[in-house]
Amino acid sequence: MCGIIGYSGERPAGPILLEGLGRLEYRGYDSAGIALFDEQHRLYCARATGKLEQLTSRIEGVLPPAVAGIGHTRWATHGRPSEANAHPHLDPTGRVAVVHNGIIENFAALRERFTARGASFASETDTEVLAHLVAEALDEGADLAEALRVTLAETEGAYSVVVIATDDPGRLVAARAGNAGGLVIGHGEGEQFVASDLAALLPYSRRVTFLNPGEIADIRREGVTLTDADGAVVERAPQLQPYDPVAAVKGRYRHFMLKEIHEQPDVALDTMRGRYLQDPPRVELDDGSPIAAAQARELQRAVLVGMGTSQYAAMIGRHYIERFARLPAEVDNASEFGYRRPVLDPRTLVVSVAQSGETVDTLLAMEEARREGCPQLTVCNTPGSQATRIADGVIHTRAGPEIAVASTKTMTASVIALHAMALHLGRLRGSLDPEVECAEIEAAMRLPAVLGEALLLEERMAAVARRYAQFEDFLFLGRGLSYPVALEGALKLKEVSYIHAEGYAAGEMKHGPIALIDERLATLAIATRDEVRDKMRSNIEQVKARRGPVIALVSEGDDSLDGIADEVIAVPAFEGALAPVVALVPLQLLAYHIALERGADIDQPRNLAKTVTVE
């Protein structure tokens, strides 16, 4: 979740950038940097590893006067935390500086193209190729905005970028590619701002514009021009944001739940940062794992515990641990764990999934495991919480604050963290085929962009919600990795809309739930492309034979359910074990829009709390 800030105006740019980085530091802790135009219109660039104070102390007393510049605080994706890998990145001539948040999927091929021509690279990052591409386009006669447009056309991935160049010292050009890496423009009088987070702008401007995917912002002190990917001017009036901090954080979204659903491409990226490495392909748990290779090989089983959404994430994690680490795994509801007198010993790995890290049932389960001497890992979104203090090792999900009671982005982050943990354990145990690990890492790198594509289904899901909002009963069906997704889809619907909904393993339908099916019960079937898709089709046909309306999720390009299901929702195709995460998005959107149609209190559903601190 790298932080970006940019300024063009009449005031000294350096202090404004540093203050903005201070408000963005939660988005990245491993390094920070700024780039400014000095009095001779030369680029001044300063970077430092560690927290922002390291950069501040380095440039104290030497910061040149400047009226435009960019800043960045980093959380590593490509390349270890180091000064060389810190942003901003320059082209070899020092003509162009860029800051970037996201992943350039084809950076390796682009880098090879430049090195074949004799160009040099100073970092291990994917970002640096952007500076080379912009400089190349400038050399060919493009102006800065057109150079960035050409660069966007040559790159693949979901990201945001801000670029400055010595060709036009008071000018910044920013762009958003795909649905990850959002940017917001702050409009002032004789000065303009750009940042990756609204909080960095509110001290200076309440008039803001959120960049849409594919848009480019040409930023000068006099004003901002928006264009689309083809260069056509986009007319959009700025929005006036309130000073109220809660409303400001909500930004352009009507509810926090919707905002947090839309944050998932960025959340996926942040959870993977520094863990999914490509050269060579491997997963490293940067938080530190207490499981050494010898101990990992001695493990005989794994037990995963959680509650609600966290338990469903754990159910997906069980598949990952058995598939990649070849370790027998089971999932237990944390509230039942201690009361069944579980058989535990030091060769049992206990993995808790605890978004808040303070849910009492999960903490009691962890205490039980500690009494039996089990090694413990926790997947948690709250650094310093009780769960992180009990466990031997922590995999922080880095999803940021989740305000809505109904969990969305933390589910996605938990599944990715469990996927990383399972791959890591598989390598330690010697059970993971390197080709499988490589394929999973390559697929994971595509996930933020694919989640962005899944968000484009919102209008379709809103239309489906309007047609089904008056139903009082829903059945969610899934098989294999999609079964926990069905459980989570049902949970989301009942939490925010108060509709009775049940999630079932599709094969279980014939053992009871089929008796309920009629025209008044809606069935949502997850039939995306996998090894059990044909069996799911059979289940859908059984529902239709009993006059039950069916909403089916299928993979893009699959028309096998056309004319069978009442609604066919094509989700972006995705290869790899993280595919369930993609299916979560339309289910979250459906729950949200049905709740909206029914007038429910979406962010604070009745009788529910974010953290359950009593048994």
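Data block above holds the structure.
A few points on the structure. Quick caveat, the model's predicted, so the values are computed rather than measured.

Scoring rules and cut-offs
Residues numbered from 1 in each chain as written. Predicted model: local features only at pLDDT ≥ 70, side-chain atom pairs only at ≥ 80, totals over all residues. Heavy atoms only, no water. Helix = DSSP H or I, 4+ residues; strand = E, 2+ residues; numbered from the N terminus. Expected span 1.5 Å × (residues − 1). Buried < 20%, exposed > 50% of the residue type's maximum accessible area, 1.4 Å probe, protein only. Axes fitted to C-alpha atoms, helices over the stretch in contact; angles between N-to-C directions. Parallel < 35°, antiparallel > 145°, perpendicular 65-115°, else oblique. Left-handed = near helix turned anticlockwise from the far one by under 90°. Contact = heavy atoms within 4.5 Å. Salt bridge = Lys/Arg side-chain N within 4 Å of Asp/Glu carboxyl O. Core = buried A, V, L, I, M, F, W, Y, C linked by side-chain atoms within 4.5 Å. Pairing = 2+ DSSP bridges.

### Some remarks on helix α19 (residues 579-598)
Working step 1: With 20 residues, α19 extends 30 Å between its outermost C-alpha atoms, agreeing within 8% with the 28 Å of an ideal straight helix rising 1.5 Å per residue.
Working step 2: Counting buried residues along α19, 16 of its 20 residues qualify, which places the element largely inside the surrounding structure.
Working step 3: Backbone geometry just downstream of α19 places G599 in the positive-phi region, at approximately 70°.

### Some details on the packing of helix α10 (residues 309-324) against helix α14 (residues 409-429)
Working step 1: One can describe the packing of α10 onto α14 by two numbers: an axis separation of 9 Å at closest approach and a directional angle of 25°. Relative to α14, the element α10 lies roughly parallel. α14 is crossed by α10, and the crossing has right-handed handedness. Note on element contacts: α14 touches α10 through M411, S414, V415, L418, H419, M421, A422, L423 and G426, opposite T309, Y312, A313, A314, I316, G317, Y320, I321 and F324.

### What about the environment of V267?
Working step 1: Mapped onto the elements of the fold, V267 is located in helix α8 (residues 264-272).
Working step 2: Distance from V267 to L226, taken between C-alpha atoms, is 26 Å for residues 41 residues apart in sequence.
Working step 3: In this structure V267 touches A399, K409 and A413, once residues within four positions along its chain are discounted.

### Some thoughts on the packing of α8 against α14
Working step 1: Close contact between α8 and α14 brings their axes to 9 Å; oriented N to C, the two are set at 30°. When the interaxial angle is binned, α8 and α14 end up roughly parallel. Along this stretch, α8 crosses α14, giving a crossing that reads as right-handed. Contacts from Q264, V267, A268, T271 and M272 in α8 reach K409, T412, A413, I416 and A417 in α14.

### Quick look at the pattern of salt bridges
Working step 1: The tally for this structure, following the rule as stated, stands at 34 salt bridges.
Working step 2: When the shortest N-O distance is used, the salt bridge between K259 and E263 registers 2.4 Å.
Working step 3: On the basis of relative accessibility, which here comes to 15%, the residue K259 falls in the buried class.
Working step 4: Residues R547 and E519 are paired through a salt bridge, measuring 3.3 Å at the closest nitrogen-oxygen approach. Pair noted here: R547 is in the loop between α18 (533-544) and β25 (550-555) and E519 is in the loop between β23 (500-505) and β24 (522-526), with a separation of 28 residues, a long-range link.
Working step 5: Via salt bridges that share partners, D143, D168, R171, D218 and R220 belong to a single interconnected network.

### Let's talk about the nonpolar core
Working step 1: Y276, Y320 and F474 are the most contacted members of the largest nonpolar core, which totals 100 residues.
Working step 2: The element best represented in this core is α19, accounting for 12 residues.
Working step 3: Leaving out residues up to four positions away in the same chain, Y320 has contacts with A325, V415, L418, H419, A422, L481, A577, L578 and P580.

### Observations concerning the sheet that holds strand β5 (residues 89-90)
Working step 1: Within the open sheet, the 6 strands sit side by side as β5-β6-β7-β8-β12-β13. Their pairing is antiparallel. Every interior strand has two partners, whereas the edge strands, β5 and β13 (223-227), have only one.
Working step 2: As paired strands, strand β6 (residues 96-102) and strand β7 (residues 159-165) are joined by 7 bridges and run antiparallel to one another. Paired with N101 across the two strands is S160, which belongs to β7.
Working step 3: Against the sheet, helix α4 (residues 128-139) contacts β5, β6 and β7, and its axis sits at roughly 135° relative to β6.

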